Structure formats: structure tokens, C-alpha cells
Amino acid sequence: MKLYGIGVGPGDPQLLTIRGKRVLEQVDTVFIPGDLAQTIISGYVSASNIVEIQFPMTTDKDKLQKAWQTAADHVVEKTDDKAAFVTIGDPSIYSTFGHLRRALRNNHSTIDIEVIPGVSAATAFASAFDVDVVSGTNLMLAEAPNGTAPTGPDQMVLLKITDVPTTHSKLTEAGYDVWYGRRLFMEDESTVITQNPDDLEDRDYFTLGYARHQDIRFPSIGGGENNGT
Ligand SMILES: C[S@@+](CC[C@H](N)C(=O)[O-])C[C@H]1O[C@@H](n2cnc3c(N)ncnc32)[C@H](O)[C@@H]1O
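Residues numbered from 1 in each chain as written. Predicted model: local features only at pLDDT ≥ 70, side-chain atom pairs only at ≥ 80, totals over all residues. Heavy atoms only, no water.

A. Here's a closer look at the domain arrangement of the protein. When its domains are assigned, the protein resolves into domain 1 (2-116) and domain 2 (121-226). Across the contact, 9 residues belong to domain 1 and 11 residues belong to domain 2. For domain 1, the biggest contributors to the area lost against domain 2 are Pro10, Leu36 and Tyr94; these three give 57% of the whole. At the boundary of domain 1 with domain 2, the tally comes to 0 salt bridges. Split by residue class, the side of domain 1 that touches domain 2 holds 7 nonpolar, 1 polar and 1 charged. (Domains from an automatic or database assignment. Contact = heavy atoms within 4.5 Å. Buried area = accessible area lost by both parts, 1.4 Å probe. Salt bridge = Lys/Arg side-chain N within 4 Å of Asp/Glu carboxyl O. Nonpolar A, V, L, I, M, F, W, Y, C, P; charged D, E, K, R; others polar.)

B. Examining the site of the ligand more closely. The environment of the ligand is formed by 18 residues, the closest being Ile93, Ser120, Lys160, Tyr205 and Thr207. Between the ligand and aspartate 90, the relevant distance is 2.9 Å, taken from an oxygen atom to a main-chain nitrogen or oxygen of the residue. Contacts to the ligand include isoleucine 93, whose backbone N or O atom sits 2.8 Å from a nitrogen atom. When the ligand sits alone it has 570 Å² of accessible area, and the protein chains cover 97% of it. Residue composition of the shell around the ligand, grouped by class: 11 nonpolar, 4 polar and 3 charged. Residue assignment places the shell around the ligand across two domains, with domain 1 (2-116) and domain 2 (121-226) each supplying three or more. (Near = heavy atom within 4 Å. Polar contact = N/O pair within 3.5 Å; in protein donor to acceptor, adjacent residues only side chain to side chain. Areas by Shrake-Rupley, 256 points an atom, 1.4 Å probe, with all protein chains shown as cover.)

C. Just the side chain of threonine 79, in detail. By the secondary structure assignment, threonine 79 is in the loop between helix 3 (61-78) and strand 4 (82-87). Judged by relative accessible area, which is 8%, threonine 79 ranks as buried. Within polar-contact distance, the side chain of threonine 79 engages the backbone oxygen of valine 75 at 2.6 Å. Not counting the four nearest positions on each side in its chain, threonine 79 is found in contact with Met1 and Phe31. (Helix = DSSP H or I, 4+ residues; strand = E, 2+ residues; numbered from the N terminus. Buried < 20%, exposed > 50% of the residue type's maximum accessible area, 1.4 Å probe, protein only.)

D. Spatial organisation of the sheet that holds strand 1 (residues 2-7). Strand order in the open sheet formed by 5 strands is 3-2-4-1-5, with parallel pairing between adjacent strands. This sheet does not close on itself; its edge strands, each paired only once, are strand 3 (50-52) and strand 5 (112-116). Taken over all neighbouring pairs, the strand axes of this sheet differ in orientation by 25° on average, direction set aside. Note: strand 1 against strand 4, 6 bridges, orientation parallel. (Pairing = 2+ DSSP bridges. Axes fitted to C-alpha atoms, helices over the stretch in contact; angles between N-to-C directions.)

E. Fine view of the sheet that holds strand 10 (residues 207-213). The strand order 6-7-10-8-9 describes an open sheet built from 5 strands, whose pairing is mixed. On the outer flanks of this sheet lie strand 6 (139-143) and strand 9 (192-194), each paired with one strand and no other. On average, adjacent strands in this sheet sit at an angle of 15° to one another, irrespective of strand direction. Relative to strand 10, strand 8 (residues 176-182) runs antiparallel, the two being bridged by 7 bridges. Counterpart to glycine 181 in the pairing with strand 10 is leucine 208. Across the sheet, helix 5 (residues 121-129) touches strand 6, strand 7 (155-159), strand 8, strand 9 and strand 10, and the angle it forms with strand 10 is around 70°. Sitting on the sheet, helix 6 (residues 164-173) touches strand 7, strand 8 and strand 10, and the angle it makes with strand 8 is about 155°.

What follows is the structure, encoded as C-alpha cells:
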């Protein structure tokens, strides 16, 4: 049995890779963890080949561990030859697929697993915000749930922002300019890109931020430094 972990990109079906699409068309079963992934692949996979896998909305580690193991058993049970598990963005970046892969390796170690990368929100943000991450500067990927705000690096991409106003006030106090993106590259015109936290007071799972410290020094082409202006 072979299982592909396929990243389907941030939302627009056209950002699914050609390789991901080809594999989706070849496998017998496609396991999906949520509605968005289903919408993205719906043009490429027949509905009868799709099996939804539910994961509990909890932070209880024991419950989650059990759910991943149950999901792994379910995947093995329902697969004859080749199957795929799809995730939004990339399967190796803060993804459910990582948990499933660990559970499969624990109890079903003979399964052949191949990962097909996808366009991650962690990099796609730059195109959406028209930002250049230039050579000579550093960019850190981090999480900022529940009003938290990591600080320190020159630039950060922050995923899982659930309380934009609280995270924003902590970041600005620490000297960062911050841009937020909600539902980037999704087709339903729901995309919001803003620097105003009041635009994003409600909670939406698909929200990220790009924070840039005001003191960042950009290397200039002539070899000196400037502040990017
Ligand atoms: C569990 S992580 C999954 C990341 C995904 N595997 C990837 O590579 O993009 C979910 C977080 O990614 C971010 N995210 C994913 N897709 C997004 C999108 N289209 N627009 C904005 N944020 C997105 C949000 O911060 C969300 O809370």
C-alpha cells in the first residue's frame, strides 16, 4: 500500500501543483481533513473517491493522539492499493498530515509514504502582500495563537493568529510593523489584506501575519546598508 501526502496550496485550485493533480487523478481514494481541501480538489477528483476524516477540535493531547491513531487505522482499512491524504498548503508545515504520518509509522510501518509539497501560506503571503524577502535579512516562521506574539527576529511570518487586536498591540509595542492576510488566494472574494487590526476583530482560522521590525537594516546593492526606504 502507498499513501501520498499532498499539499493542495492555500485555496485557489490553480495553485495545486501539476504533480499533486496527477497523483490525485491516479489514486483510488482521497482522504480529506476538511471542507476547504475538498473544495480545492473537487474539480480533479470524483466525489465518490473522497473520504472525509474528522479530527476533534481539542487541545487534549491524549484525545488527539487517539484520534490520529484511529485515523491512521481508518486510512489503512479503506485503502486497497494507492491513496492520498490532502492538506491545505504544504503537508509538512504545521499540518495534520505530520500527525497522521507519525501514527502510521507507529502501527503500520510497512506502508510506503510519499510527500508531494504544496504552496504554503508561509511563503505565499509574500506574493499576496507584494513583499520581497531580500538576501541579507532573516525571516522566522512561528505561531501566534490566543493573542500571543513572539518577538526578536527582524521579520516573522505568524500563522494561527486567532486574536488579531491583542497580538497586534504586543507586536507594535515591540517595534514591529505588521501586515495581516485573511483567506489569501481563496476564490470567494473573502480575502482581506490589511494593517488595521480593527478590520479583523472576529476570529477566522485562515489568518496570518507578516511582522517586520522597524529597525531592520536592508543590505543595499552597493554593499552598504539602508533602512529599506
Ligand atoms: C495548521 S496551519 C497549516 C499551514 C499549511 N499546512 C500551509 O503550509 O500553509 C493553519 C494556518 O495557516 C495559515 N493559513 C493557511 N492557509 C491560509 C490562507 N489561505 N490565508 C491565510 N492564512 C492561511 C493560517 O494562519 C492558519 O491558521
